[in-house]
Amino acid sequence: MSLLDVLQRMFGSVALGIRDVFVGAVKAYKMEGEIIHVTPAKKTPERISELARRRAERDRHKEPKETSSISKMGIRYRILRSWLWNGGVCLLSLLLFYNLLLPCLAWMFDAAASSDDDHIWNQLVFVLGFVFQSCWVMPLLSLSRLVNLLWFQDIADAAYIKLRGKPQLPSFSLIIADLAFGFILQMFFSIQTTLFSIVPVARLGEIIALFHMGVQYGLYAFEYKWFNMGIEPHVRVHVVENNWPYYLGFGLPLALLTSCFTSYGVRYFVSALLYPVLIVSANETEEPKQPL
């Protein structure tokens, strides 16, 4: 196989991954929200007492409410709940602080102080930023990581049940191995991304780090499906190694979007805002099986 054929297949796999993200997003939007349908059990006609008849009549009036509350817990509801938390609470609070509160305080300070007080204002901005980071951003990031860990798994399970059926129950050893694998992989990707970002060549390090983040996002999106399928961690690594351009394309749109922000908190909440769509898209699509 010539170099041109390899490059064509590589770029084709990247384009396929990008396409599958948007196709999966459209399917996620159109997906029926109801996962569980509760059908009341029909009672056989028999002679019942007046007390039993009243009890049956009372239970019959309660059934629509119970069915409604269960049907709300669909995929779209789970994604909307994640959006409201990560975007409506977390991300919005950061944007309001940096883009509204600080500019308003700066305008008020400039109106009340002289031009010689710029040093005081710079110190005040540093103190306000430190207090905001310590008392709000860091606790919010810690809480959000825990909440998203549970909610992303919930979204992945709901999408898997809707599209593929009942997940395979993993063994205890597989759960421990999966947790250890995820921790080591995250540390490995973080170290590599940091090293690539400081390559002393203009823009080359940033581009390599961006591609690296794209592969990372793509891998994390498919991991939920692979876990529910019972695929072991070392097999997942082998799959990604053989078809890394596809997973690069799958995670590249999110990597490009998050690279537009310099604040770590903003980048995290933007990625958390859109990550549920990648999870559902990964359950929708069938990744290529043939190695590159």
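Just so it is clear, the structure is predicted and the values come from calculations on it, not from any experiment. (Residues numbered from 1 in each chain as written. Predicted model: local features only at pLDDT ≥ 70, side-chain atom pairs only at ≥ 80, totals over all residues. Heavy atoms only, no water.)

**Q** Sorry if this is basic, but what is going on with the packing of helix 6 (residues 204–229) against helix 9 (residues 264–284) here?
**A** The axes of two packed helices give the description: the angle between them and the distance between them. With their axes 8 Å apart at the nearest point, helix 6 and helix 9 run at an angle of 55 degrees to one another. The angle between helix 6 and helix 9 falls in the class oblique. Crossing handedness for the pair helix 6 and helix 9: right-handed. For the pair helix 6 and helix 9, contact is made by Y217, Y220, A221, F222, Y224 and K225 and by S271, Y275, L278, I279, A282 and N283, respectively. Among the residues forming the contact of helix 6 with helix 9, the class breakdown is nine nonpolar, two polar and one charged. (Axes fitted to C-alpha atoms, helices over the stretch in contact; angles between N-to-C directions. Helix = DSSP H or I, 4+ residues; strand = E, 2+ residues; numbered from the N terminus. Parallel < 35°, antiparallel > 145°, perpendicular 65-115°, else oblique. Left-handed = near helix turned anticlockwise from the far one by under 90°. Contact = heavy atoms within 4.5 Å. Nonpolar A, V, L, I, M, F, W, Y, C, P; charged D, E, K, R; others polar.)

**Q** What's the story with a nonpolar patch on the surface in this structure? I'm lost.
**A** A cluster of nonpolar side chains, F183, I184, M187, I191, L195 and I198, forms an exposed patch at the surface whose accessible area comes to about 650 Å². As for its position among the elements, I198 is in the loop between helix 5 (172–197) and helix 6. Look at I198 and you get exposed, because its relative accessible area is 59%. (Patch = residues over 30% accessible without salt bridge, like charges linked within 9 Å, V, L, I, M, F, W, Y side chains within 5 Å. Areas by Shrake-Rupley, 256 points an atom, 1.4 Å probe, with all protein chains shown as cover. Salt bridge = Lys/Arg side-chain N within 4 Å of Asp/Glu carboxyl O. Buried < 20%, exposed > 50% of the residue type's maximum accessible area, 1.4 Å probe, protein only.)

**Q** Sorry, what's going on with the pattern of salt bridges here?
**A** Between side chains of opposite charge, a pair can form as their charged atoms come close. Applying the stated criterion to the full structure yields five salt bridges. The residue R81 makes a salt bridge to D154 at a minimum N-O spacing of 3.2 Å. A residue pair is termed long-range when its members are at least 10 positions apart, and R81 in helix 3 (residues 75–112) and D154 in helix 4 (residues 118–164) qualify at 73 residues.

**Q** Where do I start with the nonpolar core in this structure?
**A** Looking at soluble globular proteins, one finds that nonpolar side chains tend to be buried together. Among the nonpolar cores identified, the biggest contains 29 residues, and L219, F222, F250, Y275 and L278 are the most heavily contacted of them. Every element with two or more residues in this core is listed here: helix 1 (3–30), helix 4, helix 5, helix 6, helix 8 (244–258) and helix 9. Those residues in contact with L219 that sit more than four places away from it in its chain are L185, F189, W226 and V240. Grouped together as the second largest cluster of nonpolar side chains are 15 residues, W85, L94, L102 and V266 included. (Core = buried A, V, L, I, M, F, W, Y, C linked by side-chain atoms within 4.5 Å.)

**Q** Any chance you could explain the confidence of the model for the chain here in plain terms?
**A** If pLDDT is low for a region, its predicted coordinates should not be looked at in detail. Residues at a pLDDT of 70 or more form 80% of the chain, whose mean pLDDT is 78. Predicted confidence in the chain is weakest over helix 2 (residues 50–71), with a mean pLDDT of 50, and strongest over helix 8, with 92. Confidence drops under a pLDDT of 50 for residues 32–48, and excluding neighbours within four residues, the segment shows 24 contacts in the predicted structure. The low-confidence segment residues 62–72, where pLDDT is below 50, has eight contacts with residues more than four positions distant or belonging to other chains. (pLDDT = per-residue confidence, 0-100.)

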